[in-house]
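Now for the letters of each chain:
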Amino acid sequence: MGFGDLKAKAGQQALNAYLADKSYIEGYQASQADAVVFAGLTGAPSKDLVNALRWYNQINSYNNQERTSFPGTKKDINSYGSAAPAASNGDADEDDFDLFGSDDEEEVEKEKQKRLQQYAEKKAKKPALIAKSSIVLDVKPWDDETDMVAMEKLVRTVETDGLLWGKGKLVPVGYGIKKLQIGCVVEDDKVGTDFLEEAITAFEDYVQSVDIAAFNKI
Amino acid sequence: MNDLKSLATYLNFPVAKLSLDQKEKILVWKEKDGKTLRGLISIAKYLSRNSSHHKQFTGESIEERAAIDQWLEYRLNNIDRAHQEKDTNAFIKDINTYLEDKVYFVGHQLSLADFLLYYGLHNLIRDLTFYEKQKYMHLSRWFDNVQHAENVRQTQTLIPFQKNILYTGSAH
């Protein structure tokens, strides 16, 4: 637990990662948890640590007196945060010896940071590709009396982000029964075939079964 | 209608003064002395400026008040009028970027801007996939924080957000 040494870059990075999806250290309003961690910092985190900086500015907008009257009880600073980053955790309690060690660590950290940044830059330059697939579905009706037009309408009412219906046609299967063959284009990240099958078979009064007739990556 | 009802409750005004003009489909606020106000934003401003927590809620400085006005306008012009997915995608992205370094929309406290944007965005965020909620993390963080203020959320449903990073490589 804890963020490690908040005066070192590594500790602030841990804080930054922790605050990525949180507005406050604990819960949904400023509390003693924020006051304790705030006091552990010597100043504002650097600009690249957006989450930590945002939180710092929020807590910094209160004055000292307001901070001491935040709700909640004070706990040890190392009891906050997530479990993962605690490499330099113990160091705070030890003395002078660290002065030599930590320099090295900072170098390594800097190097790592630099590489990460380069990697991120490289990645950012790649064009954003959205993986899409074209799917053809076979929808089989309950019996020869099923209203195929109504069924197609129902199928098209299935709407979600990343789903686009295409052409549909009726294909005879035999004995006067037809099945509906309908195409659609989906974004792979957002829509799965399971979802489509489930959503369509939900129209129980019309649909007996749904099969995937074709599945092509675009 | 829901948002103004909640706002009136939040600011301790009687909800009964609010009604819907059936003919023009516009919200109306009627005071006892016969004075009436029409429309979402005018009623919202009237209520918040008349309330006891006035200062924080409508902005403490002139700049904050101006910024709040701007966001109310944003809700009317961009959010309430978005019908197509590409419209919503555009402003979701904008708002997400805007909130990157902010806990609340304006200043360091909950304001009328947060309140009305929370209500304006509720349905939209409810329909986001978990993947999108993670992608627009700053928006999600803000929303999650606001919805946990019980007196703001009131009867709105609590929208679930993931507690951990679910998807890796979301940068593609």
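Computed from a predicted structure; not experimentally measured.

Cut-offs and rules
Residues numbered from 1 in each chain as written. Chains lettered and ligands numbered in written order. Predicted model: local features only at pLDDT ≥ 70, side-chain atom pairs only at ≥ 80, totals over all residues. Heavy atoms only, no water. Pairing = 2+ DSSP bridges. Helix = DSSP H or I, 4+ residues; strand = E, 2+ residues; numbered from the N terminus. Axes fitted to C-alpha atoms, helices over the stretch in contact; angles between N-to-C directions. Contact = heavy atoms within 4.5 Å. pLDDT = per-residue confidence, 0-100. Parallel < 35°, antiparallel > 145°, perpendicular 65-115°, else oblique. Nonpolar A, V, L, I, M, F, W, Y, C, P; charged D, E, K, R; others polar. Core = buried A, V, L, I, M, F, W, Y, C linked by side-chain atoms within 4.5 Å. Buried < 20%, exposed > 50% of the residue type's maximum accessible area, 1.4 Å probe, protein only.

A. Up close: the sheet that holds strand β2 (residues 163–174) of chain A. All names here are of chain A. Spatially, 4 strands are ordered β2-β3-β1-β4 in an open sheet, and the strand pairing comes out antiparallel. Edge positions in the sheet fall to β2 and β4 (207–217), since each has one partner strand and no second. Taken over all neighbouring pairs, the strand axes of this sheet differ in orientation by 20 degrees on average, direction set aside. Judged from the 9 bridges that link them, strand β1 (residues 132–141) and β4 form a sheet pairing that is antiparallel.

B. Broad picture of the environment of Leu 6 of chain A. Residues and elements named next belong to chain A. Turning to its location among the elements, Leu 6 is positioned in the segment before α1 (9–18). Each C-alpha atom of the pair Leu 6 and Phe 38 lies 9.5 Å from the other, and the pair is 32 residues apart in sequence. Discounting residues that sit within four places of it in the chain, Leu 6 has contacts with Gly 11, Gln 12, Leu 15, Val 37, Gly 40, Leu 41 and Ile 77.

C. Up close: the pairing of β2 of chain A. As paired strands, β2 of chain A and strand β3 (residues 177–187) of chain A are joined by 9 bridges and run antiparallel to one another. Among the inter-strand pairings, Val 171 of chain A is bridged to a residue of β3 of chain A, identified as Lys 179 of chain A.

D. Spotlight on the confidence of the model for chain A. Residue and element names in this part refer to chain A. Per-residue confidence for chain A gives a mean pLDDT of 81; residues scoring 70 or more make up 87%. In the model of chain A, helix α5 (residues 98–125) stands out as the element of lowest mean pLDDT, 72, in contrast to helix α3 (residues 50–60), which has the highest, 93. Taken as a whole, residues 85–98 scores under 50 in pLDDT and shows 13 contacts with residues more than four places along the chain or in a different chain.

E. Local environment of the packing of helix α1 (residues 2–10) of chain B against helix α2 (residues 40–50) of chain B. Residues and elements named next belong to chain B. For the pair α1 and α2, the least separation of the axes is 10 Å and the interaxial angle reads 5 degrees. The angle between α1 and α2 falls in the class roughly parallel. Between α1, through Asp 3, Leu 4, Leu 7 and Ala 8, and α2, the contact on the second element is made entirely by Leu 40, Ile 43, Ala 44 and Leu 47. Counted by class, the contact of α1 with α2 contains 7 nonpolar, no polar and 1 charged residues.

F. Representation of the nonpolar core in the model. Counting 71 residues, the largest nonpolar core has Leu 15, Ile 25 and Trp 55 of chain A together with Ile 95 and Trp 142 of chain B as the members making the most contacts within it. Here this core gets 9 residues from one element, more than from any other, and that element is helix α6 (residues 112–126) of chain B. Setting aside residues up to four positions removed in sequence, Trp 55 of chain A forms contacts with Leu 15, Leu 19, Ser 23, Tyr 24, Ile 25, Asp 34, Val 37, Phe 38 and Leu 41 of chain A. Counting 20 residues, the second largest nonpolar core, distinct from the first, contains Ile 135, Leu 137, Leu 180 and Phe 203 of chain A.

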